[in-house]
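# Understanding the architecture of this molecule
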Amino acid sequence: MKYHILTVHIVTVLTVLLAVPSYSLATAGYLAYCPCMGRFGNQADQFLGSLAFARGLGRTLVLPPWVMYTASLGKAEMVAWDSVFNVTLLAEYHEVITMEQFMEEQAEKVWPKGKRVSFCYTARNGKVNNSCNAKDGSPFGPFWNHFNINFDQSKMFAPLNFQTDPSNLSRWKEMFPPSSFPVVAMTGAPASFPVQSGHVGLQRHVMWSDSWRERGREWVRRHLPRGRWLGIHLRNGGDWDRACEHTQSSKNLFSSPQCLGYRNEHGPLTTSLCMPNTDTIMEQVRRVVKSVEAVAVFVASDNDHMIRQFSEQFKDQGISFHKQEEDNFLLDLVILGQSSHFIGNCVSSFSAFVKRERDVFGLPSSFWAFPTEQEREEL
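From a predicted model like this one, the values you see are computed outputs, not experimental measurements.

Calculation notes
Residues numbered from 1 in each chain as written. Predicted model: local features only at pLDDT ≥ 70, side-chain atom pairs only at ≥ 80, totals over all residues. Heavy atoms only, no water. Disulfide = S-S within 2.5 Å. Buried < 20%, exposed > 50% of the residue type's maximum accessible area, 1.4 Å probe, protein only. Helix = DSSP H or I, 4+ residues; strand = E, 2+ residues; numbered from the N terminus. Phe/Tyr/Trp six-rings, centres within 6.5 Å; stacked < 30°, edge-to-face > 60°. Lys NZ or Arg CZ within 6 Å of the ring centre and 35° of its normal. Salt bridge = Lys/Arg side-chain N within 4 Å of Asp/Glu carboxyl O. Pairing = 2+ DSSP bridges. Axes fitted to C-alpha atoms, helices over the stretch in contact; angles between N-to-C directions.

Within this structure, the stated rule accounts for 4 disulfides. Paired through a disulfide, Cys 34 and Cys 36 show a sulfur-sulfur distance of 1.6 Å. One quick way to see it: the torsion about the S-S bond of Cys 34 and Cys 36 is about 45 degrees, and its sign makes the bridge right-handed. Pair check on accessibility: Cys 34 and Cys 36 agree, each one buried. Cys 244 shares a disulfide with Cys 274; S-S distance 2.0 Å. Sign of the S-S torsion, about -75 degrees for the bond between Cys 244 and Cys 274, identifies this disulfide as left-handed. With a gap of 30 residues between them, Cys 244 in helix 8 (residues 238-244) and Cys 274 in helix 10 (residues 271-274) connect regions that are remote in the sequence. When sorted by exposure, Cys 244 lands in the same class as Cys 274, which is buried.

As structure tokens, then:
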């Protein structure tokens, strides 16, 4: 009789446990956001800060799709997070769920229509007064519309911020407990740009999916000669020229802390660091090609790859220069990460992503016009 009662008790407990909805595991709630600032490099910087913030709050991070901009489409395209990067590896560091899975499986349970709140620091300009106006403008509107999300009210969280120190995180938990706010949906990324120094190391949890990594290897096998090769990123064009004009009035610009330091402890911001001239580029490529004994150079650029100029300069040295024929910046990033040596633009967040990934694996990288010739001679 005792055994029968014990068996019934165990079965009852198991039944109750199995009946608990899966979303109950996220007892500290969810953190969602729109990656609505800039192109991929900026979004990737802010993703690391958002990951740190979610972990600090103890909330499951809802992985947003990457907002991609392609001239051929003429509009923002939403690319699922897990179609590019390895979610399983990321989940070993912190609990995550893709936005697609969250909306399909969890949203109506923990975040039903009629109770969806958008969060912003202060009210944003838009159709509604004293509101986050979370869907006003692009890509804000297209992002939330992609998931058929409408907001019913707004919460302004000033003077709180996205710092991950214990004091700030404690205040967040007190003001917006999961019991009252199961989902904190940010109008923009809950992180700064560029990525904070303390969050740079989180790159080790953001790795390409196996399929993207193999696409990079396959491209190299098909198009580059056997041997060591150099990968370079050339950021140029009219928009970049205009951006580099700010080097005259700024101590740091975009991702420049990656080489100058966050307090310029490694040197001042210069125009040549942002927009190196042709002579600087040719000399630096020549020097690195020689040092690594490279037989080829892969060039990534969103404007001028300078293939003709390179080929003319190196025609007697047997060095071949290559670029993708298709416009696929993600594949550019994957390929650059696999090079024997990488030269990037210190100011560019695109280069910053490559540099962080290579640092994870201990691969060598350098930057155009850094250090200066004088500093190099002193070294």
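A few words on the packing of aromatic side chains. The final tally for this structure, using the stated rule, is 32 aromatic pairs. Considering the side-chain rings of Phe 157 and Phe 162, the 5.4 Å spacing of their centres and the 50 degrees angle between planes classify their relative orientation as tilted. Of the residues examined, Phe 162 reaches a relative accessible area of 21% and is grouped as partly exposed. Taken together, the ring pairs in this structure connect Phe 40, Phe 47, Trp 66, Trp 81, Phe 85, Trp 208, Trp 212, Phe 329 and Phe 353 into an aromatic cluster. Lying across the ring of Trp 111, Arg 116 places its NZ or CZ 4.9 Å from the centre. When the ring centre of Trp 212 is taken as origin, the NZ or CZ atom of Arg 215, which lies over that ring, is 4.1 Å away.

Once that is clear, we can look at the pattern of salt bridges. When the charged atoms of two side chains lie near each other, side chains of opposite charge can form a pair. This structure, assessed with the given rule, holds 12 salt bridges. Residues Asp 45 and Arg 356 are paired through a salt bridge, measuring 2.9 Å at the closest nitrogen-oxygen approach. In this pair, Asp 45 sits in helix 2 (residues 40-57) while Arg 356 sits in helix 14 (residues 349-360), placing the two residues 311 residues apart along the sequence. Accessibility classification places Asp 45 together with Arg 356 in one group, the buried group. With its nearest N and O atoms 3.7 Å apart, the salt bridge here joins Glu 214 to Arg 217. With Glu 214 and Arg 217 both in helix 7 (residues 210-223) and 3 residues apart, this pair spans about one turn of that helix. Residue class for Arg 217 comes out partly exposed when judged on its relative accessible area of 37%. Here the salt bridges share partners, and the residues they tie into one network are Glu 214, Arg 217, Glu 218, Arg 221 and Arg 222.

Moving on to the sheet that holds strand 5 (residues 96-98). An order of 5-2-1-8-6-7 is seen for the 6 strands of this open sheet, with the pairing classed as parallel. The open sheet terminates on both sides in strands that have one partner only, identified here as strand 5 and strand 7 (153-156). With direction set aside, neighbouring strand axes in the sheet form an average angle of 30 degrees. Where strand 2 (residues 60-63) meets strand 5, 3 bridges bridge the pair, whose relative direction is parallel. Within strand 5, the position partnered with Leu 61 by the bridge is Val 96.

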